[in-house]
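# Fold and geometry: a report
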Amino acid sequence: MTVTTMWEVLADPDPIFTIAEDLFATMIDGEPGHLIRWYGERPAILHPTYTWVDVLGGDQDARVLISMGHDTGDDLARVLFDLEDTDEVPGVDFDDAVGELVNVVGGNVKSLVTHPGALTMPTVSGGMPDMSGLEPIVDACVTWKGSLVCVSLWVFEEKSTTTP
Amino acid sequence: MKALVIDDSRVMRRIVGGILTGVGFDVVEAGDGKEALARLEENDDVQLCCIDWNMPVMTGFEFVVEARKRDEWRDITLMMVTTEGEQNQIVRALAAGAHEYVIKPFTPDVIVDKLQFLGLVEAKETL
């Protein structure tokens, strides 16, 4: 089933790439140029971590999902918490850091459409969330320090009855 | 000078708090709007609140509304620091009593520029 939706304005991955580049340039690397856009088939991510926010209560519910390797999440958390490369990242800090990344991406994505609704709190998991009833709109992958980070936007086929 | 950083994300509190400390603020933190109201009760010398929007228990917007009901807090500068970048959200926050609005992601310069504009930081005190 193909869902026609307001979110289809984001079917072109360029806005997602731009959001990711801004995020990494300002909060991760302190300068632009460290993300490389990935075109082509997405390779499998080993030991993945998923983090997502839903955008509920607007004209069309949606989900912003970031997937990356757990090691990549550790590296990002170390940068955000200003830890040494060899420091262990506590699970609570890992969830906080990668959850904040999807919170920032999700908020910026939803600002690109009208009447988007409200963001849920981020969820972080080693398992892919239940994506039944969702249709993909766009999948934009980048590499950071050689590791893949993918941002995808999905829409719910049916509107949620709950709001965040 | 004392600032209250309100964000459910510890990493964001660390980042925002670090910027504020760098320009001379003492920083206290809260993880949601309700906790922030309690911090304000305990700290009568807070001059600035940096407020995330999406938080559990009490949102940043709800915090602004509650804080603006209190006469004794009317001189506190309220600055939203949030991913909520839609025009109507910005208008809502400003109408409720927020003074400034910063959209994540941001550079330290963006925060410092806002503080200078608000007169909370001297122009020479840049990072």
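Above this text is the structure in question.
Read on for a plain summary of the structure. The shown structure was predicted, so the numbers you read here are calculated from the model rather than taken from an experiment.

To continue, consider the overall build of chain A. Helix and strand counts for chain A come out as three helices and seven strands. Counting helices and strands in the order they occur from the N terminus, chain A gives α-β-β-β-α-α-β-β-β-β. The C-alpha atoms of chain A give 15 Å as radius of gyration, which agrees with the globular expectation for 164 residues (15 Å, within 12%). With respect to the principal axes defined by its C-alpha atoms, chain A has extents near 45 × 30 × 25 Å. For chain A, long-range pairs separated by at least 24 residues make up 67% of all intrachain contacts whose partners lie at least 6 apart in sequence.

All names here are of chain A. Spanning 15 residues, helix H1 (residues 14–28) covers 20 Å between terminal C-alpha atoms, matching the ideal 21 Å at 1.5 Å per step. Taken residue by residue, H1 has Ile16, Ile19, Ala20, Leu23, Phe24 and Met27 as its buried positions. Buried residues of H1 fall within an arc of 125 degrees about the axis and therefore sit on the same side. Where H1 is buried, its residues meet strand S1 (35–38), helix H3 (91–110), strand S6 (134–144) and strand S7 (147–156). In the segment just after H1, glycine 30 is the residue with positive phi, at about 75 degrees.

Take the packing of helix H2 (residues 70–80) of chain A against H3 of chain A next. Residue and element names in this part refer to chain A. Between H2 and H3, whose axes approach to 9 Å, the crossing angle comes to 90 degrees. Classified by the angle between their axes, H2 and H3 sit roughly perpendicular to one another. Across from Gly73, Asp74, Leu76, Ala77 and Leu80 in H2, the residues of H3 making contact are Asp93, Phe94, Ala97, Val98 and Leu101. Across the contact of H2 with H3, the residue classes break down as seven nonpolar, one polar and two charged.

This part is about the nonpolar core. Membership of the largest hydrophobic core comes to 81 residues, with the highest contact counts inside it found for Val64 and Val105 of chain A together with Cys49, Cys50 and Ile51 of chain B. Examining the composition of this core, we find that eight residues originate from one element, H3 of chain A, more than from any other. In this view, isoleucine 51 of chain B contacts Ile6, Gly60, Phe63, Val64, Leu78, Met79, Met80 and Val81 of chain B; residues no more than four positions away in its chain are not counted.

What follows concerns the interface of chain B and chain A. Taken residue by residue, the interface counts 15 residues in chain B and 17 residues in chain A. Here the residues of the side of chain B that touches chain A are counted per class, giving five nonpolar, five polar and five charged.

It is worth spelling out the pairing of strand S1 (residues 2–6) of chain B at this point. Residue and element names in this part refer to chain B. Burial analysis of S1 places four of its five residues in the buried class, which makes it a mostly covered element. Of the crossover connections in this fold, the one passing from S1 over helix H1 (residues 10–22) to the parallel strand S2 (residues 26–30) is right-handed. As defined by bridge partners, S1 adjoins strand S3 (residues 46–51) across five bridges and the pair is classed as parallel. In the sheet register, lysine 2 faces S3, and the bridge partner there is valine 46.

Mapped onto the secondary structure, proline 136 of chain A falls in strand S6. Residues proline 136 of chain A and leucine 153 of chain A, 17 residues apart in the sequence, show an inter-C-alpha distance of 6.2 Å.

Right, let's talk about the pairing of S7 of chain A for a bit. For a regular strand, side-chain orientation follows a simple rule: the groups alternate between the two sheet faces. All names here are of chain A. In terms of residue burial, S7 counts as a mostly covered element, since seven of its ten residues are buried. Two strands pair when backbone bridges link them, and strand S3 (residues 62–69) and S7 are joined in this way by seven bridges, in the antiparallel orientation. Paired with alanine 62 across the strands is valine 155, a residue of S7. Judged from the ten bridges that link them, S6 and S7 form a sheet pairing that is antiparallel. Among the inter-strand pairings, valine 138 is bridged to a residue of S7, identified as leucine 153.

Here we come to the packing of helix H3 (residues 60–67) of chain B against helix H4 (residues 87–96) of chain B. Residue and element names in this part refer to chain B. Direction vectors running N to C along H3 and H4 enclose 20 degrees, while the axes themselves pass 9 Å from each other. Comparing the axis directions of H3 and H4 gives the class roughly parallel. Note that H3 runs across H4; the crossing there is left-handed. Judged by residue contacts, Phe61, Val64 and Val65 of H3 engage Arg92, Ala93 and Ala96 from H4. When the residues that make up the contact of H3 with H4 are grouped by side-chain class, the tally is five nonpolar, no polar and one charged.

Calculation rules
Residues numbered from 1 in each chain as written. Chains lettered and ligands numbered in written order. Predicted model: local features only at pLDDT ≥ 70, side-chain atom pairs only at ≥ 80, totals over all residues. Helix = DSSP H or I, 4+ residues; strand = E, 2+ residues; numbered from the N terminus. Rg over C-alpha atoms; globule rule 2.2 N^0.38 Å. Contact = placed C-beta atoms within 7 Å. Expected span 1.5 Å × (residues − 1). Buried ≥ 20, exposed ≤ 12 C-beta atoms within 10 Å, placed from the backbone. Arc of directions from axis to C-beta. Axes fitted to C-alpha atoms, helices over the stretch in contact; angles between N-to-C directions. Parallel < 35°, antiparallel > 145°, perpendicular 65-115°, else oblique. Nonpolar A, V, L, I, M, F, W, Y, C, P; charged D, E, K, R; others polar. Core = buried A, V, L, I, M, F, W, Y, C linked by C-beta atoms within 7 Å. Right-handed = clockwise from strand over helix to strand, strands pointing away. Pairing = 2+ DSSP bridges. Left-handed = near helix turned anticlockwise from the far one by under 90°.

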